[in-house]
Amino acid sequence: MKFYLTLAVIIALQACDKEDTKTYAPPVVGEVNVDFYLTTPDEANLLTPTTSGIFPLATNTNFTINVSENTSYQEMDGFGYTLTGGSATLMNNMSSSSRADLLQELFGSSDTSIGLSYLRISIGASDLDATTFSYNDLPNGQTDVNLDNFSINPDMANLIPVLQEILEINPNIKILGSPWSAPTWMKSNNSTIGGELLPQYYDTYANYFVKYIEAMAAQGIIIDAITIQNEPENPYNNPSMVMSAEQQKTFIRDHLGPTFQTENIATKIILFDHNLDHPEYPISILNDATAKNYIDGSAFHLYAGQIDNMSLVHNAHPDKNVYFTEQWIQAPGNYEADLKWHVRELLVGAPRNWSKNVLQWNLAADPNNNPHTDGGCTECLGAITIDGNSVQRNVGYYIMGHASKFVPAGAVRIESNTASEFPNAAYKTPDGKIVVIVLNNSDVQNALNINAADNPITVTMPAGAVATFVW
């Protein structure tokens, strides 16, 4: 948005006669060729394009964000959510026209879209499916080492049709698959909850991943990457499975990695997929040179730990990538607190600590936070709430939209200085635009400067607001 703004002049009126009144030059008209999108905690602005409070940079004492294209960091793979089985079911139950409109809004590239570019899906059921399932469920006591009964049919009703529609809109979207559990007959406790993968089934489970990737490819769905296990230190969810670092290392090094190599599977292998309080988990696996050879990187959640720990993993093995793959918003949500925390810790914090993506948790739920398994999450607020054909956009929608709409896959994070009051991240997009995402991490309205490209600006941001600027 190109607009002209009159710079304010301050006229100091003295308590004396007219001869003592200071005079000033006429107002200067300045050109600001910067797009400014704003979301405020009071919801008066929701990814709203605005011209209010933005001026050409003038001499002042504000904090200045200096953006430098000369220093670059990681290339971004994208921003998005987990398309759970429940999310897909709700979308697939919409009318075809309502679903088409929603998917264009979420994944399209128009002015009215938010341009999501990365999705995580579950391999088998997650806890936000209506029921638990794997792709090789058998009666108790039976096994199928050759996986003769393997089938992705449980996903054919909802998940796969929705993914196919998404791929028609964005054929380049990256898809990450994560299992919540192996089939129960491969596990130590024969249950969907907890237990461990039995060593005698390591080769079988490696082939399970191969069959999954090939079956999805046959449906036109390319799995860019897989994690070995969602939350391998969490035995309580339904489904869930525990896997120690040593077990994951052995599985990748001696079974999954060689199997992928033999079968010419190009899908990336990503470690851990759990909390940042245990960065030593992926580091210990990457320290094994043979295992490391098969691994693309490590993935994290932030239900425990510090976002800066992503840099610990990156610095230990800078030739391997890091990813941020999950963070929920608890229903019913606190708009102001959720907006500030997620922007500061995830949207800004994860990329500033080398993450190639940022994913929140559930894309969609119904008004009662359904569906979910028995024992699954009952308070997971979707980025959107779907009620029939009606769609409500929640805080997670706007948090992610501030990045996904403006920072496409292939954008590169570039240098920008930061401050506790103004956490920020800067990018250069493939078409040469400069994008800066900023949070006013305070409880008062604040002004700051951004020195970027050829149009440095001064801008006033309301308390707790997030803004995206595009040059």
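Keep in mind that this is a model prediction, so the values were computed, not measured.

### A few points about the overall build of the protein
Point 1. When its secondary structure is counted, the protein shows 10 helices and 23 strands.
Point 2. Dimensions along the principal axes, computed over C-alpha positions, put the protein at roughly 100 × 50 × 35 Å.
Point 3. For the protein, the proportion of its 471 residues judged to be buried stands at 56%.
Point 4. Of the contacts formed within the protein by residues at least 6 apart in sequence, a portion of 71% connects residues at least 24 apart.
Point 5. Here the protein displays about 18700 Å² of accessible surface, and carbon together with sulfur accounts for 46% of that area.

### A word on the nonpolar core
Point 1. Counting 111 residues, the largest nonpolar core has L83, M91, L106, L197 and Y212 as its most contacted members.
Point 2. For this core, the element with the highest residue contribution is helix α4 (residues 202-218), accounting for 10 residues.
Point 3. Residues V32, V34, F36 and V436 belong to the second largest nonpolar core, which totals 23 residues.

### Things to note about the confidence of the model for the protein
Point 1. Overall, the prediction assigns the protein a mean pLDDT of 94, with 94% of residues at 70 or greater.
Point 2. Taken as a whole, residues 1-29 scores under 50 in pLDDT and shows 39 contacts with residues more than four places along the chain or in a different chain.

### Re helix α10 (residues 395-404)
One turn of the α-helix equals 3.6 residues, which is why residues spaced by three or four share an orientation.
Point 1. Counting buried residues along α10, 10 of its 10 residues qualify, which places the element largely inside the surrounding structure.
Point 2. Looking at α10, one finds that the buried residues are V395, G396, Y397, Y398, I399, M400, G401, H402, A403 and S404.

### Focus on the sheet that holds strand β4 (residues 48-49)
Point 1. Taking strand neighbours across the sheet as the criterion, the 10 strands line up as β4-β3-β23-β20-β19-β18-β6-β21-β22-β5 in an open arrangement whose pairing is mixed. The open sheet is flanked by β4 and β5 (54-56), the only strands paired with a single partner.
Point 2. Relative to strand β18 (residues 412-416), strand β6 (residues 63-75) runs antiparallel, the two sharing 4 bridges. Each residue of the ladder has a partner; that of S68, found in β18, is E415.
Point 3. Running over the sheet, helix α9 (residues 335-352) touches β3 (35-39), β6, β18, β19 (424-428), β20 (434-439) and β23 (466-470) and is turned about 50 degrees from β19.
Point 4. Docked against the sheet, α10 engages β3, β20 and β23, running at close to 165 degrees with respect to β3.

### Brief notes about the sheet that holds strand β7 (residues 78-82)
Point 1. Taken together, the 8 strands give a closed barrel; going around it, the order is β7-β8-β9-β10-β11-β12-β13-β14, and neighbouring strands pair in parallel fashion. Between one strand and the next, the sheet's axes are offset by a mean angle of 30 degrees, whatever the strand orientation.
Point 2. In this structure, strand β9 (residues 174-179) lies alongside strand β10 (residues 225-227), joined through 2 bridges in parallel fashion. Pairing of L176 across the sheet is with A225, part of β10.
Point 3. Running over the sheet, α4 touches β8 (118-123), β9 and β10 and is turned about 130 degrees from β8.
Point 4. The sheet contacts of helix α5 (residues 245-262) involve β10 and β11 (268-276), and relative to β11 the element is tilted by about 155 degrees.

### Let's talk about the packing of α4 against α5
Point 1. Contact geometry for α4 and α5: axes closest at 9 Å, N-to-C directions at 55 degrees. Taken together, the axes of α4 and α5 lie oblique to each other. Every pair of crossing elements has a handedness; the one defined by α4 and α5 is right-handed. Along its contact with α4, which presents Y202, D203, Y205, A206, N207, F209, V210 and I213, the element α5 presents Q247, T250, F251, H255, L256, T259 and F260.
Point 2. Its residues placed into classes, the contact of α4 with α5 shows 9 nonpolar, 5 polar and 1 charged.

### Describing the packing of helix α2 (residues 96-107) against helix α3 (residues 159-169)
Point 1. Viewed as axis vectors pointing N to C, α2 and α3 meet at an angle of 55 degrees, and their least axial separation amounts to 10 Å. With respect to α3, the axis of α2 lies oblique. Considering the relative orientation of α2 and α3, their crossing is right-handed. In contact with R99, L103, Q104 and F107 of α2, α3 contributes V162, E165, I166 and I169.
Point 2. Of the residues contributing to the contact of α2 with α3, the split by class is 5 nonpolar, 1 polar and 2 charged.

### Regarding helix α8 (residues 309-316)
Point 1. Buried residues of α8: N309, M310, S311, V313 and H314, and no others.
Point 2. In this structure, the buried residues of α8 make contact with β11, α6 (280-286), β12 (297-305), β13 (321-326), α9 and β14 (355-362).

### A closer look at the environment of G375
Point 1. With respect to the helices and strands, the residue G375 is situated in the loop between β15 (364-365) and β16 (384-387).
Point 2. Put simply, G375 and T259 are 116 residues apart on the chain and 34 Å apart in space, counted from C-alpha to C-alpha.
Point 3. Ignoring anything within four residues of it in the chain, the contact list for G375 reads N237 and N238.

### A look at the state of the cysteines
Point 1. In the structure shown here, the tally under the stated rule is 1 disulfide.
Point 2. Through a disulfide, C377 is tied to C380; the S-S separation comes to 2.1 Å. Judged by the torsion about the S-S bond (105 degrees), the C377/C380 disulfide is right-handed.
Point 3. Residue classification places C377 among the buried residues on the basis of a relative accessible area of 14%.

### Quick notes on the pairing of β3
Point 1. The element β3 is largely enclosed, with a buried count of 4 among its 5 residues.
Point 2. Where β3 lies against β23, 5 bridges are found, and the strand directions are antiparallel. Bridge pairing in β23 places T39 opposite V466.
Point 3. Bridge count for β3 against β4 is 2 bridges, and the pairing is antiparallel. Bridging across to β4, Y37 finds its partner in P49.

### Here's the deal with the environment of M156
Point 1. Its location among the elements puts M156 in the loop between β8 and α3.
Point 2. On the accessibility criterion, M156 (32% relative accessible area) is partly exposed.
Point 3. Expressed as a C-alpha distance, the spacing of M156 and Q327, which sit 171 residues apart in the sequence, is 27 Å.
Point 4. Leaving out residues up to four positions away in the same chain, M156 has contacts with P161 and Q219.

Rules and cut-offs
- Residues numbered from 1 in each chain as written.
- Predicted model: local features only at pLDDT ≥ 70, side-chain atom pairs only at ≥ 80, totals over all residues.
- Heavy atoms only, no water.
- Helix = DSSP H or I, 4+ residues; strand = E, 2+ residues; numbered from the N terminus.
- Buried < 20%, exposed > 50% of the residue type's maximum accessible area, 1.4 Å probe, protein only.
- Contact = heavy atoms within 4.5 Å.
- Areas by Shrake-Rupley, 256 points an atom, 1.4 Å probe, with all protein chains shown as cover.
- Core = buried A, V, L, I, M, F, W, Y, C linked by side-chain atoms within 4.5 Å.
- pLDDT = per-residue confidence, 0-100.
- Pairing = 2+ DSSP bridges.
- Axes fitted to C-alpha atoms, helices over the stretch in contact; angles between N-to-C directions.
- Parallel < 35°, antiparallel > 145°, perpendicular 65-115°, else oblique.
- Left-handed = near helix turned anticlockwise from the far one by under 90°.
- Nonpolar A, V, L, I, M, F, W, Y, C, P; charged D, E, K, R; others polar.
- Disulfide = S-S within 2.5 Å.

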